[in-house]
Amino acid sequence: KQEVTQIPAALSVPEGENLVLNCSFTDSAIYNLQWFRQDPGKGLTSLLLIQSSQREQTSGRLNASLDKSSGRSTLYIAASQPGDSATYLCAVSTGANSKLTFGKGITLSVRP
Amino acid sequence: NAGVTQTPKFQVLKTGQSMTLQCAQDMNHEYMSWYRQDPGMGLRLIHYSVGAGITDQGEVPNGYNVSRSTTEDFPLRLLSAAPSQTSVYFCASSYSQLAGGFTDTQYFGPGTRLTVL
């Protein structure tokens, strides 16, 4: 059974820092990996999707990498801002039927 | 495009009552799914559908029914609500090219907060 782990559960950093959020998964036979952002009381917004054949994806200040063989992904946030404060969830798809297995998320707080 | 819409936003039920959570998408996505989100448990898949007329169970299907009569709609039915079903429910959809194993970004609705007393 696929398990997705995100550690730590919470992170607090000062504004301007570059930071890395980690995600690990137990079964390397994945179709893709997605990083989501969730604001309090809101739904999930997809940030980046990496197909299994890709190594990384970039969008603005965000860069996500994927190492399937080691079962790891990282989300890099450059020059963090208070508006980046949210919970970041990692999810993997392990079948062509698009079922996602989620980690429990990392709650990020960026202090002004 | 409205994306993925869910109704209602909030609902309070008494134990034993039934209700249907509505989900609709206007992106012509084949794949739709329902998740529940609970503190400390993360998001867990309840049911999913790979196209109209096709549904299957996820990780936590007990107590829930689904059907998919159209591409756009994927309602979730609680037959006899229990306090353990108090949760936030999210519907999601994506384009999925099953034959090629290609799956696209999943889009989530805003959620329904359900309390069962």
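As the structure is a prediction and not an experimental result, all values here were calculated from the model.

### Focus on the overall build of chain B
From N to C terminus, chain B includes 0 helices and 13 strands. Counting from the amino terminus, chain B carries its helices and strands in the arrangement β-β-β-β-β-β-β-β-β-β-β-β-β. Scaling as 2.2 N^0.38, a compact globule of 117 residues should have a C-alpha radius of gyration of about 13 Å, and chain B matches this with 14 Å. Principal axes of the C-alpha set define a box for chain B whose edges measure 45 × 25 × 25 Å. The buried share of chain B, taken over its 117 residues, is 47%. The contacts in chain B between residues at least 6 apart in sequence include a share of 55% that link residues at least 24 apart. For chain B, the accessible surface area stands at approximately 5300 Å², while carbon and sulfur atoms represent 51% of it. Here chain B holds 7 positive side-chain charges and 8 negative ones, and the gap between their average locations is 14 Å.

### Here's the deal with the interface of chain A and chain B
Buried accessible area, meaning the area lost when the parts come together, often serves as the stated size of an interface. At the junction of the two partners, chain A supplies 23 residues and chain B supplies 25 residues. Taken together, both faces of the contact between chain A and chain B bury some 1800 Å²; the carbon and sulfur share is 54%. Linking chain A to chain B there are 1 salt bridge. Taking the shortest distance from any N to any O, the salt bridge between K1 of chain A and E59 of chain B comes out at 3.8 Å. Of all elements in the fold, only strand 4 (32–38), strand 5 (44–51), strand 9 (86–93) and strand 10 (100–102) of chain A reach the threshold of two or more residues within the side of chain A that touches chain B.

### Considering the sheet that holds strand 7 (residues 64–66) of chain B
Residues and elements named next belong to chain B. Taken together, 4 strands build an open sheet; the order of strands is 1-3-8-7 and the sheet is antiparallel. Sheet topology places strand 1 (4–7) and strand 7 at the edges, where each strand pairs with a single neighbour. Averaged over all adjacent pairs, the angle separating strand axes in this sheet is 20°, with direction ignored.

### Observations concerning the pairing of strand 6 (residues 54–57) of chain B
Residue and element names in this part refer to chain B. Bridge count for strand 5 (residues 42–51) against strand 6 is 3 bridges, and the pairing is antiparallel. Counted as the bridge partner of Y48 is D56 from strand 6. Here strand 5 folds back onto strand 6, and the loop between the two strands holds 2 residues, one of which, G53, carries a positive phi near 85°.

### Things to note about the packing of aromatic side chains
Any two aromatic rings considered together are summarised by their centre-to-centre distance and by the angle between their planes. In this structure the tally under the stated criterion is 7 aromatic pairs over all chains. Seen from their ring centres, F102 of chain A and Y35 of chain B are 5.5 Å apart, and the 85° between their planes marks the pair as edge-to-face. A residue pair is termed interchain when its members come from two chains, as with F102 of chain A in strand 10 and Y35 of chain B in strand 4 (residues 31–38). In terms of burial, F102 of chain A and Y35 of chain B fall into one category: buried. Here a set of aromatic residues connected by ring pairs shows up, and it is made of F36 and F102 of chain A together with Y35 and F108 of chain B. The cationic tip of R68 of chain B hangs over the ring face of F74 of chain B; the distance from NZ or CZ to the ring centre is 6.0 Å.

### Digging into the layout of surface pockets
In this structure, the largest pocket encloses a volume near 580 Å³. Put simply, the parts of the chain that give the lining of the largest pocket at least two residues each are strand 9 and strand 11 (106–111) of chain A together with strand 4, strand 9 (87–94) and strand 13 (112–116) of chain B. Classifying every residue of the lining of the largest pocket by side-chain character gives 12 nonpolar, 14 polar and 6 charged. The computed volume of the second largest pocket comes to approximately 480 Å³. Lining the second largest pocket are 22 residues, and of these K1, Q2, T101 and F102 of chain A together with E59 of chain B lie nearest its centre. Within the residue set of the lining of the second largest pocket, elements represented by two or more residues are strand 1 (4–5) and strand 10 of chain A together with strand 5 of chain B. Partitioning the lining of the second largest pocket into residue classes produces 6 nonpolar, 10 polar and 6 charged.

What counts and what doesn't
- Residues numbered from 1 in each chain as written.
- Chains lettered and ligands numbered in written order.
- Predicted model: local features only at pLDDT ≥ 70, side-chain atom pairs only at ≥ 80, totals over all residues.
- Heavy atoms only, no water.
- Helix = DSSP H or I, 4+ residues; strand = E, 2+ residues; numbered from the N terminus.
- Rg over C-alpha atoms; globule rule 2.2 N^0.38 Å.
- Buried < 20%, exposed > 50% of the residue type's maximum accessible area, 1.4 Å probe, protein only.
- Contact = heavy atoms within 4.5 Å.
- Areas by Shrake-Rupley, 256 points an atom, 1.4 Å probe, with all protein chains shown as cover.
- Lys, Arg positive; Asp, Glu negative; His and termini not counted.
- Charge placed at Lys NZ, Arg CZ, Asp CG, Glu CD.
- Buried area = accessible area lost by both parts, 1.4 Å probe.
- Salt bridge = Lys/Arg side-chain N within 4 Å of Asp/Glu carboxyl O.
- Pairing = 2+ DSSP bridges.
- Axes fitted to C-alpha atoms, helices over the stretch in contact; angles between N-to-C directions.
- Phe/Tyr/Trp six-rings, centres within 6.5 Å; stacked < 30°, edge-to-face > 60°.
- Lys NZ or Arg CZ within 6 Å of the ring centre and 35° of its normal.
- 1 Å grid on protein atoms, 1.4 Å probe; cavity = no way out; pocket = protein on both sides within 12 Å on 5 of 7 lines; lining within 4 Å.
- Points joined across faces, edges and corners; volume = space filled by probe spheres on them.
- Nonpolar A, V, L, I, M, F, W, Y, C, P; charged D, E, K, R; others polar.

Take it as geometry only, folks, not as evidence of what the structure does.
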